[in-house]
Amino acid sequence: MDRHYLITGATDGIGKATAQAIAKSGATVVLVGRNPDKINTVVDQFKSDTYNKNIHGLCADLSSQAQIRQLADDYHTQFNRLDVLINNAGGYFYQRQESVDGIELTFALNHLAYFMLTGLLIDMLMMTGQTTGDARIVNVSSEAHRYKRKGIPFDDLQTINKYNAMKAYSLSKVANIMFTYELARRLEGKPVTANVLHPGFVRTGFTRNAHGVSQTIFSMIARFFAQSAENGAKTSIYLATSDDVRGQSGQYYGKSKLVDSSETSLELEAQQRLWDISLQMTGLEDFLSVDADATGV
Ligand SMILES: NC(=O)c1ccc[n+]([C@@H]2O[C@H](COP(=O)([O-])OP(=O)(O)OC[C@H]3O[C@@H](n4cnc5c(N)ncnc54)[C@H](OP(=O)(O)O)[C@@H]3O)[C@@H](O)[C@H]2O)c1
């Protein structure tokens, strides 16, 4: 069986290491990046390193909703199944910036892109799951989600008030977890699972937007304390490929083990509210609607 994996942020860091390991298994791997030259280089490198010819690249800037729609269209046109979607691409932005859609960039890229790509590909995951009984969504979050201690600030999701990078980042990462829990609930009884993970502290290009003192401090800390991208990718690979987690859904993992996520992430009403707001912000139809009884509301 030729399993198909779609991995965002697969041109660097944790996503690249995840894609490379999965490519070694001989599966069809579709790498999503935003830079065509970089995508082609990585595709060629993987083909020659892994002797797997079924490696493909798709280009999209995932902070742009039009490009996410195009990406989903391209995937539908070129492929006929999707076994595993790994939402991994993310960023950390020292200055407040807005996406082409006028949305704060961290929220747009780190949360709304996960939400939107999942919504636009859920039909294909469902179709594959109906044949195999095992389609999966894997979302990459972070332990930084714990900084969001006082609940989700629904009145300032775009961090207009006193922006700082960690404030926006931690909001996006708790959103990854809440999205996954809500998604998993909506997928109950369906052949698609959804789980979320933290990769640990990983030496990647993640803080490339830092400059001056912050850059120096980050580089020094990363040099001594961070793990390699290959180690950081292990939990993503585990959730995407292992039989151990077949059929398991709605869980948060670290080091390939179950971990409790923060209290904020567990707030059921906030998970549902975030889902509804994400639909509004992306213009998607509700792709997994639930009746009131099923959610317990
Ligand atoms: N590194 C850590 O310590 C750490 C810790 C906890 C969680 N995480 C999470 O792990 C995930 C991956 O991070 P990483 O450390 O591997 O980062 P990274 O080395 O910076 O790689 C990020 C990947 O995402 C892509 N990307 C960035 N912005 C994009 C955009 N607008 N559109 C499309 N692709 C885009 C990058 O493409 P280019 O190659 O073109 O730059 C790259 O392939 C993120 O979700 C992050 O929050 C990382």
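Scroll up for the structure.
Note that this is a predicted model, so its numbers are computed, not measured. (Residues numbered from 1 in each chain as written. Predicted model: local features only at pLDDT ≥ 70, side-chain atom pairs only at ≥ 80, totals over all residues.)

**Student:** In this structure, what is going on with the overall build of the chain? I would like to understand it.
**Tutor:** Secondary structure summary: the chain contains 10 helices and eight strands in total. Its C-alpha atoms give the chain a radius of gyration of 18 Å, within 12% of the compact-globule value 19 Å for 297 residues. Oriented by its inertia axes, the alpha-carbon framework of the chain measures out at about 50 × 50 × 35 Å. Here the chain, with 297 residues, has 44% of them falling under the buried criterion. Within the chain, counting contacts between residues at least 6 apart in sequence, those at least 24 apart form 76% of the total. (Helix = DSSP H or I, 4+ residues; strand = E, 2+ residues; numbered from the N terminus. Rg over C-alpha atoms; globule rule 2.2 N^0.38 Å. Buried ≥ 20, exposed ≤ 12 C-beta atoms within 10 Å, placed from the backbone. Contact = placed C-beta atoms within 7 Å.)

**Student:** Teacher, can you tell me more about helix α4 (residues 105–132) here?
**Tutor:** Every α-helix winds through 3.6 residues per turn, so residues three or four apart in the chain are directed the same way. Maximum bend of α4: about 55 degrees, positioned at L121. Within α4, 20 of the 28 residues are buried, which leaves the element mostly enclosed by the surrounding structure. Where α4 terminates, the next one or two residues include G133, which has phi positive at roughly 75 degrees. (Bend = angle between axes of the 7 residues up to and from the residue.)

**Student:** What exactly am I supposed to notice about the site of the ligand here?
**Tutor:** Among the 27 residues in the neighbourhood of the ligand, the closest are listed as G9, G13, G90, S142 and T204. No other element matches helix α1 (residues 13–24), which puts three residues into the shell around the ligand. Residues of the shell around the ligand, tallied by class, amount to nine nonpolar, 14 polar and four charged. (Near = placed C-beta within 6 Å. Nonpolar A, V, L, I, M, F, W, Y, C, P; charged D, E, K, R; others polar.)

**Student:** Would you take a moment to explain the pairing of strand β2 (residues 28–33) for this structure?
**Tutor:** Within a regular strand, side chains alternate between the sheet's two faces. Where burial is concerned, most of β2 is hidden: six out of the six residues are buried. Examined bridge by bridge, strand β1 (residues 4–8) and β2 share five bridges and lie parallel to one another. From the neighbouring strand, H4 faces β2, where its bridge partner is T28. This β-α-β element, β1 to α1 to β2, shows right-handed connectivity. The pairing of β2 with strand β3 (residues 55–59) spans five bridges and is classified as parallel. Across the sheet, residue V32 finds its bridge partner in β3, namely L58. Regarding topology, helix α2 (residues 36–50) serves as the crossover connection from β2 to the parallel β3, and that connection is right-handed. (Pairing = 2+ DSSP bridges. Right-handed = clockwise from strand over helix to strand, strands pointing away.)

**Student:** What is the right way to read the nonpolar core from this model?
**Tutor:** In a soluble, globular protein the nonpolar side chains are often hidden away together inside. Counting 74 residues, the largest nonpolar core has Y5, L6, I7, V29, L31, V32 and A113 as the members making the most contacts within it. Among the elements that take part in this core, α4 stands out by supplying 13 residues, more than any other. Excluding residues that lie within four positions of it along the chain, I7 makes contacts with G15, T18, A19, V29, L31, V32, I86 and N88. (Core = buried A, V, L, I, M, F, W, Y, C linked by C-beta atoms within 7 Å.)

**Student:** Help me understand the sheet that holds strand β7 (residues 252–254) in this model?
**Tutor:** Within a beta sheet, neighbouring strands are joined by backbone hydrogen bonds and run either parallel or antiparallel to one another. Read across the sheet, eight strands follow the order β3-β2-β1-β4-β5-β6-β7-β8 without closing on themselves; strand pairing throughout is mixed. The two strands at the open ends of the sheet, each matched to only one other strand, are β3 and β8 (257–258). When strand β4 (residues 84–87) meets strand β5 (residues 135–140), the two strands line up parallel, connected through four bridges. Bridging across to β5, L85 finds its partner in I137. Sheet strands touched by helix α5 (residues 165–186): β5, β6 (192–198) and β7. Its angle to β6, the strand with the most contacts, is close to 160 degrees. (Axes fitted to C-alpha atoms, helices over the stretch in contact; angles between N-to-C directions.)

**Student:** Would you mind going over unusual backbone geometry with me for this structure?
**Tutor:** With phi around 60 degrees, Y51 is a residue other than glycine that occupies positive phi space. Relative to the elements of secondary structure, Y51 occurs in the loop between α2 and β3. The phi dihedral of K255 falls on the positive side, at around 45 degrees, and the residue is not glycine. Among the structural elements, K255 can be located in the loop between β7 and β8.

**Student:** What is the right way to read the packing of helix α3 (residues 65–78) against α4 from this model?
**Tutor:** Packed helix pairs are characterised by how far apart their axes lie and by the angle those axes make with each other. It is the contact of α3 with α4, at a shortest axis distance of 10 Å, that shows an interaxial angle of 25 degrees. Compared by their axis directions, α3 and α4 come out roughly parallel. Between α3 and α4 the crossing geometry is right-handed. Contact with α3, carried on its side by Q65, I68, R69, L71, A72, Y75 and H76, involves A113, M116, L117, L120, L121 and M124 of α4 and no other residues of that element. Each residue belonging to the contact of α3 with α4 can be placed in one class, and the counts come to 10 nonpolar, two polar and one charged. (Parallel < 35°, antiparallel > 145°, perpendicular 65-115°, else oblique. Left-handed = near helix turned anticlockwise from the far one by under 90°.)

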